[in-house]
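# Analysis of the macromolecular model
So the chains spell out like this:
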Amino acid sequence: NSAVRAELVQRQRSWAAAHGGGVIEGRDIGSVVFPDAELKLYVTASPRVRAERRVAQMGGNVDEVEASIIERDRKDSSRADSPLTEADGSTVLDTTGMTIEQVVGTVVAMLPERTRGGR
């Protein structure tokens, strides 16, 4: 629903303004909600690895979970409101072969490069 999405965008922007920014995750954060963010990452992994990670957290059948991930990506990429897309100026971070510690380390290492300029 477009009205619900518009309200959520407003609330996300208000929250960030009230807190001086933050780390915010979502499928349209860099493209729609915060298109002028200082650091925009498009974090991804292969559907199989995403399925294995979800099954490790929540259980289930990895093949079924992978199929649902592929279908969700297809739907999200083709929806009219805030479609899933790499935001302009974003850096793609493929985490397929990475541990969570490696992902965090990579992101932290990117921060000084992208946030210099007197802040």
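Our subject is the structure that appears above.
Definitions and limits used
Residues numbered from 1 in each chain as written. Predicted model: local features only at pLDDT ≥ 70, side-chain atom pairs only at ≥ 80, totals over all residues. Heavy atoms only, no water. Helix = DSSP H or I, 4+ residues; strand = E, 2+ residues; numbered from the N terminus. Contact = heavy atoms within 4.5 Å. Core = buried A, V, L, I, M, F, W, Y, C linked by side-chain atoms within 4.5 Å. Buried < 20%, exposed > 50% of the residue type's maximum accessible area, 1.4 Å probe, protein only. Salt bridge = Lys/Arg side-chain N within 4 Å of Asp/Glu carboxyl O.

In this structure, Thr 95 sits in the loop between strand 2 (91-94) and helix 5 (100-114). Here Thr 95 is in contact with Val 43, Thr 44, Ala 45, Arg 53 and Val 103, once residues within four sequence places are set aside.

What follows deals with the nonpolar core. Residues Val 9, Ala 16, Ile 29, Val 33 and Phe 34 constitute the largest nonpolar core, which totals 5 residues. Elements that contribute at least two residues to this core include exactly helix 1 (2-19) and helix 2 (29-33). When near neighbours in sequence (up to four residues on either side) are disregarded, Ala 16 contacts Gly 21, Ile 24 and Phe 34.

Going through the model one piece at a time under the given rule, you end up with 11 salt bridges. Asp 73 serves as the salt-bridge partner of Arg 27, at 2.7 Å between the closest nitrogen and oxygen. Here Arg 27 is found in the loop between helix 1 and helix 2, whereas its partner Asp 73 is found in helix 4 (residues 62-78), with 46 residues between them in sequence. For the salt bridge of Arg 50 with Asp 73, the shortest nitrogen-to-oxygen distance reads 2.7 Å. Here Arg 50, found in helix 3 (residues 47-58), pairs with Asp 73, found in helix 4; they are 23 residues apart in sequence, far enough to count as distant. Using a relative accessible area of 17% as the deciding quantity, one classes Asp 73 as buried.

In short, shape yes, function no, at least from these values alone.
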